[in-house]
Amino acid sequence: MADKLIIFDTTLRDGEQSPGASMTKDEKLRIARQLERLKVDVIEAGFAASSNGDFEAVQAIANAIKDSTICSLSRANDRDISRAAEALKGANSARIHTFIATSALHMEKKLRMTPEQVLEQAKQSVRFARNLVADIEFSPEDGYRSDPDFLCRVLEAVIAEGATTINVPDTVGYAIPELYGNFIKTLRERIPNSDKAIWSVHCHNDLGMAVANSLAGVKIGGARQVECTINGLGERAGNCSLEEVVMAIKTRRDYFDLDLGIDAKHIVAASRMVSQTTGFVVQPNKAVVGANAFAHASGIHQDGVLKARDTYEIMRAEDVGWSANKIVLGKLSGRNAFKQRLQELGVQLDSETEINLAFARFKELADRKSEIFDEDILALVSDESVTSENEQYGFVSLAQHSETGERPQATIVFTVDGREVQGKSDGNGPVDASLKAIESHVKSGAEMVLYSVNAISGSTESQGEVTVRLQNSGRVVNGVGADPDIVVASAKAYLSALNKLQSKADRVAAQG
Ligand code: KIV
Ligand code: ZN
């Protein structure tokens, strides 16, 4: 029988560490539900000790998700570990993932600790965690750049203390596939009790090799857990991408000979959800989930695919959840049809109030846009004003006037803690005027570091999806808004970013 490869998704923890990718508790819960549908084995839900917001998100996910193991990251100290255990109390299956850096560079310059101190702290924290939860993962941060002799001592010791998974991070994306695979192999061969733990790979993508390195860790090194994120989201150049690693293992089963629990037909919906929530657009030529991943433009290819699909296709688009870009609903569709489509898309709204709110938004949209696509529905339910009643700022209405040769003017009405306020401004263009109109009232002082517009379903009739990235006092957040009117979409995105700036005020940075 083939071994099982465990898929450990860290979109909500390492993925969220990408500048601007911070998510609210409700957004994280929605993504966690999609990961559960995807049958991800372990969901790293966050870093409970880093902020109250993270604690609450881990707790909410632990309480809601029943089929996947829920994990919290924790530094190697008693306080962090206790917070993680506390947040995970409601989980059916809980894991604590504790880490400390082991490379000479990190120990000396960052931690200012001697190797012996690091060894002691690693042992002590696994021992402490083991009394709270049975499933313990240990990561030597910057493991790949650590001295192998020292690393062997640390890993042997933490396995003896009860660590059940040993994860070897390539924290800075420095590895090369063959070398990384052999590194894991050597560690497993040299450490006498290595067979008492499951070995895991965690690769960053700084040199574009995160997936290749992870696969080498599995094939050459014998790792049986891969840590990855949807769309490869993550710090700097990101992490190993879940969809790529999963489809490589499935498509080349002849080579890897491994079983996976993943239900791949939920991959595209997961990718869209993460992209729409974070505002990180998926490049069209991205493997598996990019818009062009299954498109054949050249005549020769089209002809070949029509004659025999496998001439140019190694995977089937429908197996990863691509469906034709079809019109799904319209003005006359009722609440039941809408609710059913949400279910088919794997979207679960928590209460009848949320469904009613989303349906009202859908009707509003259908009045202005004759054809409603799946992408429109997903954008609609990604809008926090539909799924969360407790946001500080909410969009109400916008009027703007622009004419060639005149300076555009905008008047916006929005809510602040449920109370309607109005802002007015002029600007270089209608979008600039509208956002300045919001600022004339809010005075956040935030700096805009990114503004982008994307057509959700391809044509000028489509909704515009706007991403706004704001920076304030060292915090960076993305806000996303969608509307057939891109000026309104921009105002919604701006308000959503302001809401996120509020909710991330007290966060401690994770180190991985
Ligand atoms: O990249 C890294 O080293 C990490 C660890 C915390 C596992 O994310
Ligand atoms: Zn990482």
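Residues numbered from 1 in each chain as written. Chains lettered and ligands numbered in written order. Predicted model: local features only at pLDDT ≥ 70, side-chain atom pairs only at ≥ 80, totals over all residues. Heavy atoms only, no water.

**Q** Even after reading the chapter, I still don't get the site of ligand 1, so can you show me in this structure?
**A** Within the structure, ligand 1 sits among 12 residues, and R13, D14, T171, H202 and H204 are positioned closest to it. Take T171: an N or O atom from its side chain is 2.6 Å from an oxygen atom of ligand 1. Within the side chain of H204, a nitrogen or oxygen atom sits 3.0 Å from an oxygen atom of ligand 1. Here ligand 1, which alone exposes 260 Å², has 100% of that area covered by the protein. Sorting the residues of the shell around ligand 1 by element identifies β5 (94-101), β6 (135-141) and β7 (165-170) as the ones contributing at least two each. Residues belonging to the shell around ligand 1 are distributed by class as follows: two nonpolar, seven polar and three charged. (Near = heavy atom within 4 Å. Polar contact = N/O pair within 3.5 Å; in protein donor to acceptor, adjacent residues only side chain to side chain. Areas by Shrake-Rupley, 256 points an atom, 1.4 Å probe, with all protein chains shown as cover. Helix = DSSP H or I, 4+ residues; strand = E, 2+ residues; numbered from the N terminus. Nonpolar A, V, L, I, M, F, W, Y, C, P; charged D, E, K, R; others polar.)

**Q** Quick question: what am I supposed to make of a nonpolar patch on the surface here?
**A** Together, M448, Y451, V453 and I486 make up an exposed nonpolar region whose accessible area comes to about 310 Å². For the nonpolar patch, the element with the most residues is strand β16 (residues 447-455), which contributes three residues. (Patch = residues over 30% accessible without salt bridge, like charges linked within 9 Å, V, L, I, M, F, W, Y side chains within 5 Å. Salt bridge = Lys/Arg side-chain N within 4 Å of Asp/Glu carboxyl O.)

**Q** Any chance you could explain the pattern of salt bridges here in plain terms?
**A** Any two side chains of opposite charge can pair, on the condition that their charged atoms come close. For the structure on display, the rule yields 38 salt bridges. A salt bridge links D14 to R13; the shortest N-O distance between them is 3.5 Å. Residues D14 and R13 agree in their burial class; the two are buried. Residue E108 pairs with K109 through a salt bridge whose shortest N-O separation is 3.6 Å. (Buried < 20%, exposed > 50% of the residue type's maximum accessible area, 1.4 Å probe, protein only.)

**Q** I'm lost on the domain arrangement of the protein in this one. Help?
**A** It is common to report an interface's size as the accessible area lost on association of the parts. When cut into domains, the protein gives domain 1 (3-278), domain 2 (326-385) and domain 3 (390-502). Just the C-alpha atoms count here: the centres of domain 1 and domain 2 sit 35 Å apart. On the side of domain 2, 12 residues touch domain 1, which itself brings nine residues to the contact. Taking both sides of the interface into account, the surface hidden between domain 1 and domain 2 amounts to around 1,000 Å²; carbon and sulfur atoms contribute 43%. Its largest share of buried area at the contact with domain 2, domain 1 owes to R30, R272 and Q276, together 49% of the area lost on that side. Remark: the boundary between domain 1 and domain 2 carries zero salt bridges. (Domains from an automatic or database assignment. Contact = heavy atoms within 4.5 Å. Buried area = accessible area lost by both parts, 1.4 Å probe.)

**Q** What should I look at first to understand the state of the cysteines in this one?
**A** By definition, a disulfide links two cysteine residues through a covalent bond between their sulfur atoms. Enumeration according to the criterion identifies zero disulfides in this entry. Free of any disulfide, C152 has its nearest cysteine sulfur in C203, 18 Å distant. What makes C152 buried here is its relative accessible area of 8%. (Disulfide = S-S within 2.5 Å.)

**Q** Hey, could you run me through the coordination of the zinc ion (ligand 2) in this one?
**A** Six octahedral donors at a metal ideally form angles of 90 or 180 degrees, and four tetrahedral donors ideally form angles of 109.5 degrees. Around the zinc ion (ligand 2), the protein supplies D14 (OD), H202 (NE2) and H204 (NE2) as donor atoms, at distances of 2.0 to 2.2 Å. Here the donor residues of the zinc ion (ligand 2) are spaced in sequence according to D-x187-H-x1-H. Placement of D14 in the loop between β2 (6-9) and α1 (25-37) and of H202 in strand β8 (residues 198-203) is noted, with a sequence separation of 188 residues between them. (Donors = N, O, S within 2.8 Å, 3.2 Å for Na, K, Ca; no water.)

**Q** How do you make sense of helix α3 (residues 78-87) when you look at a structure like this?
**A** Note: α-helices contain 3.6 residues per turn, so residues at a spacing of three or four share the same orientation. Taken together, the buried positions of α3 are D80, I81, A84, A85 and A87. Down the axis of α3, the buried side of the element spans an arc of 165 degrees, and every buried residue falls inside it. Two or three places before R79, at the start of α3, stands the capping residue N77, its side-chain oxygen 3.2 Å from that residue's backbone nitrogen. (Arc of directions from axis to C-beta.)

**Q** What is the right way to read the sheet that holds β16 from this model?
**A** Paired through backbone hydrogen bonds, the strands of a sheet run either parallel or antiparallel to each other. An order of β16-β17-β18 is seen for the three strands of this open sheet, with the pairing classed as antiparallel. Two strands lie at the open edges of the sheet, namely β16 and β18 (475-483), each paired on one side alone. Across the sheet, the mean angle from the axis of one strand to that of its neighbour is 15 degrees, orientation sign disregarded. Looking at chain direction, strand β17 (residues 464-472) and β18 are connected through nine bridges and run antiparallel. Across the sheet, N472 pairs through a bridge with R475, a residue of β18. (Pairing = 2+ DSSP bridges. Axes fitted to C-alpha atoms, helices over the stretch in contact; angles between N-to-C directions.)

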